[in-house]
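Structure assessment
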Amino acid sequence: MIRWKLAVVMADRNISNKELAARIGMHPTSVSKIKTRRRLTRIDEATLSALCRALNCQPGDLMVYEEDEPDGLK
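Residues numbered from 1 in each chain as written. Predicted model: local features only at pLDDT ≥ 70, side-chain atom pairs only at ≥ 80, totals over all residues. Heavy atoms only, no water.

**Quick notes on the nonpolar core**
Grouped together as the largest cluster of nonpolar side chains are 19 residues, with contacts concentrated most on Leu6, Leu20, Leu51, Leu55 and Leu62. Elements represented by at least two residues in this core include exactly helix 1 (6-12), helix 2 (17-24), helix 3 (28-35) and helix 4 (45-55). Looking at this core element by element, the count peaks at six residues for helix 4. In this view, Leu6 contacts Leu20, Ile34, Lys35, Leu51, Leu55 and Leu62; residues no more than four positions away in its chain are not counted. (Core = buried A, V, L, I, M, F, W, Y, C linked by side-chain atoms within 4.5 Å. Buried < 20%, exposed > 50% of the residue type's maximum accessible area, 1.4 Å probe, protein only. Helix = DSSP H or I, 4+ residues; strand = E, 2+ residues; numbered from the N terminus. Contact = heavy atoms within 4.5 Å.)

**Digging into helix 4**
Listed as buried for helix 4 are Thr47, Leu48, Ala50, Leu51, Cys52, Ala54 and Leu55. On the buried face of helix 4, the contacting elements are strand 1 (2-4), helix 1, helix 2, helix 3, helix 5 (59-62) and strand 2 (63-65). Near the N-terminus of helix 4, the side chain that reaches the backbone nitrogen of Ala46, with its oxygen 3.2 Å away, is that of Asp44. Looking at the residues trailing helix 4, positive phi occurs at Asn56, about 50°. (Polar contact = N/O pair within 3.5 Å; in protein donor to acceptor, adjacent residues only side chain to side chain.)

**Here's the deal with the packing of helix 2 against helix 4**
Axis separation between helix 2 and helix 4 bottoms out at 9 Å; the angle between their running directions is 115°. If you check the angle between helix 2 and helix 4, you find them roughly perpendicular. Here helix 2 and helix 4 pass one another in a crossing that is right-handed. Residue-level inspection shows Leu20, Arg23 and Ile24 of helix 2 in contact with helix 4, the latter providing Ala50, Leu51, Ala54 and Leu55. Across the contact of helix 2 with helix 4, the residue classes tally to six nonpolar, no polar and one charged. (Axes fitted to C-alpha atoms, helices over the stretch in contact; angles between N-to-C directions. Parallel < 35°, antiparallel > 145°, perpendicular 65-115°, else oblique. Left-handed = near helix turned anticlockwise from the far one by under 90°. Nonpolar A, V, L, I, M, F, W, Y, C, P; charged D, E, K, R; others polar.)

Keep in mind these numbers describe shape, not what the thing actually does.
Below, the structure is given as structure tokens:
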């Protein structure tokens, strides 16, 4: 699975939902929705590019691959 780390990156940079939303041209509620995801389901290239530009980071800073645990071992 791909673990989404936007909340961590935002906290490291001390940036609020409102500030990030203004930087990338999104509504703060939309930023909140993508920030609180634990698993990355789908994100379009334009949004990912805007996040990287606004946070001065690479896509790999926002996500990490972790192997799924076998069924029953969660």
